[in-house]
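Chain by chain, the residues run as shown.
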Amino acid sequence: MQSTPLMLCFLCTSMLQTTILREVETKGVGLHTGVHSRLRLRPAPADTGIVFRRSDLDYFCIEAHGRNVARVSYATSLMKQGVLLSTTEHLLAAIYSCGIDNIYIDIDAIEVPILDGSAEPFMQLLDNAGTRKLRRKRRYLKVIKPVEVVEDGRRIGIYPADEFRVRCYVDFAHPLVGQQEVEMEVNPASFRQVLSRARTFCFESDIEPLRAMGLIRGGSLDNAIVLTREGMMNGPLRYADEFGRHKALDLIGDLALVGLPLLGHVEARKAGHSLHTQLVSRLLADRSSWEITAHEPLEEAPRELISARAAD
Ligand SMILES: [Zn+2]
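Calculation rules
Residues numbered from 1 in each chain as written. Predicted model: local features only at pLDDT ≥ 70, side-chain atom pairs only at ≥ 80, totals over all residues. Heavy atoms only, no water. Pairing = 2+ DSSP bridges. Helix = DSSP H or I, 4+ residues; strand = E, 2+ residues; numbered from the N terminus. Axes fitted to C-alpha atoms, helices over the stretch in contact; angles between N-to-C directions. Contact = heavy atoms within 4.5 Å. Phe/Tyr/Trp six-rings, centres within 6.5 Å; stacked < 30°, edge-to-face > 60°. Buried < 20%, exposed > 50% of the residue type's maximum accessible area, 1.4 Å probe, protein only. Lys NZ or Arg CZ within 6 Å of the ring centre and 35° of its normal. Left-handed = near helix turned anticlockwise from the far one by under 90°.

Undergrad: Mind laying out the sheet that holds strand E5 (residues 60–63), listing which residues take part and the relevant values?
TA: Across a sheet, strands are paired by hydrogen bonds formed along the backbone, either parallel or antiparallel in direction. Strand order across the open sheet formed by five strands is E2-E3-E8-E4-E5, with mixed pairing between neighbours. One side of each edge strand has no neighbouring strand; the edge strands of this open sheet are strand E2 (24–29) and E5. With strand direction ignored, the average angle separating the axes of adjacent strands in the sheet is 25°. Note: E2 against strand E3 (residues 36–43), six bridges, orientation antiparallel. The residue of E3 that forms the bridge with Lys-27 is Arg-38. Of the strands in this sheet, E2, E3 and strand E8 (103–107) touch helix H3 (residues 120–129), which is tilted by about 160° from E2.

Right under this line is the structure:
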């Protein structure tokens, strides 16, 4: 049935699912494989979700969903029926934070380009793509019971909340890093302002061992901050706490694998891709810990409106 404009005006348009308005493209080298790829974002119909398609393999679909998580050592990789797709987290962080519900990500190789190591180039791509509302209500995955994963002094948990909120704590014994913590409600504006420009990083001492493992073949001073014993090779930093911010960006990119917008509060303490994706799997497997709702998160209303309501 076709929705008439009259019917639509009864729905708050921010409750509607979205996709992108037009196709956009970028290309670049993969951080770990060193393989060059072309990446094209295309609009997708309602209830498609975020779906990668390997354009070099007859557009084989790999849904950005916890059930397709494969390897999670230094990046998050998805795999379905033996078809692999690597380093999904920065692109997914941008798409998920921008509230894009449905999108095809067509890519002609095994790994998403690293570009400058942050999510900013993907934000620019999404800006160029624009957003389009679809005539279908958005559904949220609302956390109703805590779920936690603890491992060797690292921990991550997700707790009930009326909005999507993250708190991310890192602690690296390095003069430029130390203890850093980011806490924020995740929405397009906060992601753009606080996290999107934070770049990936590695320690100089890890470069040779990582190369020996067949990783970071596409790594360079243009796409990662390299920390030396006392400082960094390629300053300046974009933010004094760029490392903590990047870890929060990675966390959001991995949480996108829940498959729906989240209403919940995530706390990560010295976590990483492995713990992030374990949390997603554990959450999805525990059907008593969440419900699907079409309710709007409270925080999408302006704060003045909320306090005015509270004062009534
Ligand atoms: Zn990252």
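There's more to say after this.
Undergrad: Any chance you could break down the packing of aromatic side chains for me, citing the residues and the numbers?
TA: Aromatic ring pairs: the centre-centre distance and the angle between the two ring planes describe each pair. Counted according to the given criterion, the structure contains five aromatic pairs. Seen from their ring centres, Phe-172 and Phe-201 are 5.7 Å apart, and the 90° between their planes marks the pair as edge-to-face. In this pair, Phe-172 sits in strand E13 (residues 164–172) while Phe-201 sits in strand E15 (residues 201–203), placing the two residues 29 residues apart along the sequence. For Phe-201, a relative accessible area of 13% corresponds to the buried category. Each ring, one from Phe-201 and one from Phe-203, has its centre 6.5 Å from the other, and the planes form 80°; the classification is edge-to-face. Under the relative-accessibility criterion, Phe-203 is labelled buried at 18%. Linked through ring pairs, Phe-172, Phe-201, Phe-203 and Phe-243 together constitute an aromatic cluster. Positioned above the aromatic ring of Phe-60 is the side chain of Lys-80, whose terminal nitrogen or guanidinium carbon lies 5.6 Å from the ring centre. One residue, Arg-269, lies across the ring of Tyr-169, its end atom 4.1 Å from the ring centre.

Undergrad: Account for the packing of helix H6 (residues 242–255) against helix H7 (residues 273–285), with residues named and values stated.
TA: The interhelical angle for the contact between H6 and H7, taken along N-to-C directions, is 30°, at an axis separation of 9 Å. Here H6 runs over H7; the crossing is right-handed. Here H6 contributes Lys-247, Asp-250, Leu-251, Asp-254 and Leu-255 to the contact with H7, which in turn contributes His-273, His-276, Thr-277, Leu-279 and Val-280.

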